[in-house]
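Structural description and commentary
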Amino acid sequence: QGKGLFATKNIRKGETVFVERPVVSSQFLWNALYNYRACDHCLRALETAEENAQRLLGKSSLVLPHPEQCSIRKDLYQQCPRCQVTYCSAECRQAALEQYHQVLCLGPSRDDPTHPLNKLQEAWRNMHYPPETSSIMLMARMVATVKQAKDKEWWIKAFSQFCSKTANEEEEIVHKLLGDKFKGQLELLRLLFTEALYDEHLSRWFTPEGFRSLFALVGTNGQGIGTSSLSQWVHACDALDLPMLQREELDAFIDQLYKDIEKESGEFLNCEGSGLYVLQSCCNHSCIPNAETSFPENNFLLHLTALEDIEAGEEICISYLDCCQRERSRHSRNKILRENYLFTCSCPKCLAQADDADVTSDEEEEGEGETDD
């Protein structure tokens with residue numbers, strides 16, 4: 001688990017505990033396959049809410065009411081002039097350029113399959129099918145950040161803040177991430193990673209042990225990021241002050257829209273990625289969490305919000321499981337946590353259910369490797 005995070009003052013239910021920017025983040029490579037479009041730096045969705053809904057519904061004629069409630073500003077978009085990567089603003093383009101993009105910019109080699117970075121990304125796509133649980137490009141941005149930095153030691157120290165695991169634990173985590181053939185896959189990834197990004201200041205990260213450690217760090221500390229212009233539009237519509245009849249009509253339209261989208265596109269509704277957050281990674285797990293993470297600004301800014309009153313000195317806990325998983329038996333919850341995070345939970349709920357039979361129902365067996373983080 002994390003190192004533990006404790007409240008320094010009384011926090012009321014619904015209050016924002018903190019807003020945090022990631023040390024580094026990256027969108028998943030599968031976004032492009034599903035035609036998702038997100039800012040390459042902050043992961044803000046680049047489609048309008050209407051375009052988002054049209055794509056997910058497979059219906060280009062769909063028209064959303066209240067289009068003024070969509071906050072997407074396409075007139076602000078900018079591209080890297082060399083590789084045409086798209087950003088939501090000049091600020092994001094500049095931030096990426098200053099932190100890591102100079103190293104990772106493919107320039108005219110963007111579509112060249114023999115370029116080392118393209119070879120690395122293609123290998124990852126062939127190894128780790130969606131949904132991704134981490135991304136090789138998050139690791140690439142970590143290396144690129146250090147390579148570009150004037151104060152390399154500061155960044156190396158920043159990345160060392162995240163929890164590291166023992167060699168045995170790292171092997172288990174990597175095995176979980178890559179599947180049964182992980183040893184050969186991991187070595188291939190390491191060789192391609194080295195060819196594309198080697199830096200003598202980070203030579204340890206490119207050794208077999210160091211690369212496995214880096215992989216495990218990203219796998220256990222990476223926080224999933226989901227952004228959606230459609231959900232932003234829905235929240236904005238919810239806040240509208242409308243006459244009762246109009247409110248009922250709008251709510252019915254939105255409910256039906258989500259039902260139709262789920263039927264057409266399933267659960268992959270957001271632009272998705274992952275990031276490393278210093279404070280969030282310190283939060284321990286509880287099956288009855290008193291706080292939760294969200295991304296209400298439609299970008300990589302993580303908001304931690306209190307689910308109940310938290311007293312000064314009390315530990316702030318989030319759940320590493322999704323809502324459905326938290327409703328399963330203690331045995332099932334701990335099976336998921338052991339597989340994905342290598343610990344057995346001892347939260348009040350698990351302690352209270354300690355004498356329950358270690359039985360997992362058929363329903364609980366389905367998809368229990370999936371987690372929020």
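Rules of the game
Residues numbered from 1 in each chain as written. Predicted model: local features only at pLDDT ≥ 70, side-chain atom pairs only at ≥ 80, totals over all residues. Heavy atoms only, no water. UniProt positions renumbered as here; feature names shortened; annotations may be inferred. Helix = DSSP H or I, 4+ residues; strand = E, 2+ residues; numbered from the N terminus. Rg over C-alpha atoms; globule rule 2.2 N^0.38 Å. Buried < 20%, exposed > 50% of the residue type's maximum accessible area, 1.4 Å probe, protein only. Contact = heavy atoms within 4.5 Å. Areas by Shrake-Rupley, 256 points an atom, 1.4 Å probe, with all protein chains shown as cover. Core = buried A, V, L, I, M, F, W, Y, C linked by side-chain atoms within 4.5 Å. Axes fitted to C-alpha atoms, helices over the stretch in contact; angles between N-to-C directions. Parallel < 35°, antiparallel > 145°, perpendicular 65-115°, else oblique. Left-handed = near helix turned anticlockwise from the far one by under 90°. Nonpolar A, V, L, I, M, F, W, Y, C, P; charged D, E, K, R; others polar.

The name given to the chain in an unreviewed UniProt entry is Protein-lysine N-trimethyltransferase SMYD5, and the organism recorded there is Cathartes aura. Listed under Subcellular location (unreviewed entry) in UniProt, the entry text for the chain is "Cytoplasm".

**Concerning the overall build of the chain**
Looking only at helices and strands, one finds 16 helices and 10 strands in the chain. In terms of C-alpha radius of gyration, the chain reaches 22 Å, essentially the compact-globule figure of 21 Å for 373 residues. Over its C-alpha atoms, taken along the principal directions, the chain stretches across nearly 65 × 60 × 45 Å. In the chain, which comprises 373 residues, the proportion classed as buried is 50%. Within the chain, residue pairs in contact and separated by at least 24 positions form 73% of the contacts whose partners lie at least 6 positions apart. With the model as given, the accessible surface of the chain reaches about 18200 Å², and the carbon-plus-sulfur share is 50%.

**Considering the nonpolar core**
Among the nonpolar cores identified, the biggest contains 87 residues, and Ile-136, Leu-189, Phe-193 and Phe-215 are the most heavily contacted of them. The biggest single contributor to this core is helix 5 (residues 136-148), with nine residues. Sequence-distant contacts of Ile-136, that is, excluding residues within four places in its chain, are made with Leu-29, Leu-120, Trp-124, Leu-189, Phe-193, Phe-211 and Phe-215. By size, the runner-up hydrophobic cluster in this structure holds 15 residues, among which are Ala-53, Leu-57, Leu-242 and Ile-254.

**Structural notes on the packing of helix 2 (residues 49-57) against helix 10 (residues 229-238)**
Their axes nearest at 7 Å, the elements helix 2 and helix 10 cross at an angle of 120°. Relative to helix 10, helix 2 is oriented oblique. Considering how the two elements wind past one another, helix 2 and helix 10 form a crossing that is left-handed. Side by side, helix 2 and helix 10 meet where Ala-49, Asn-52 and Ala-53 of the first sit next to Ser-229, Leu-230 and Trp-233 of the second. Considered class by class, the residues forming the contact of helix 2 with helix 10 number four nonpolar, two polar and no charged.

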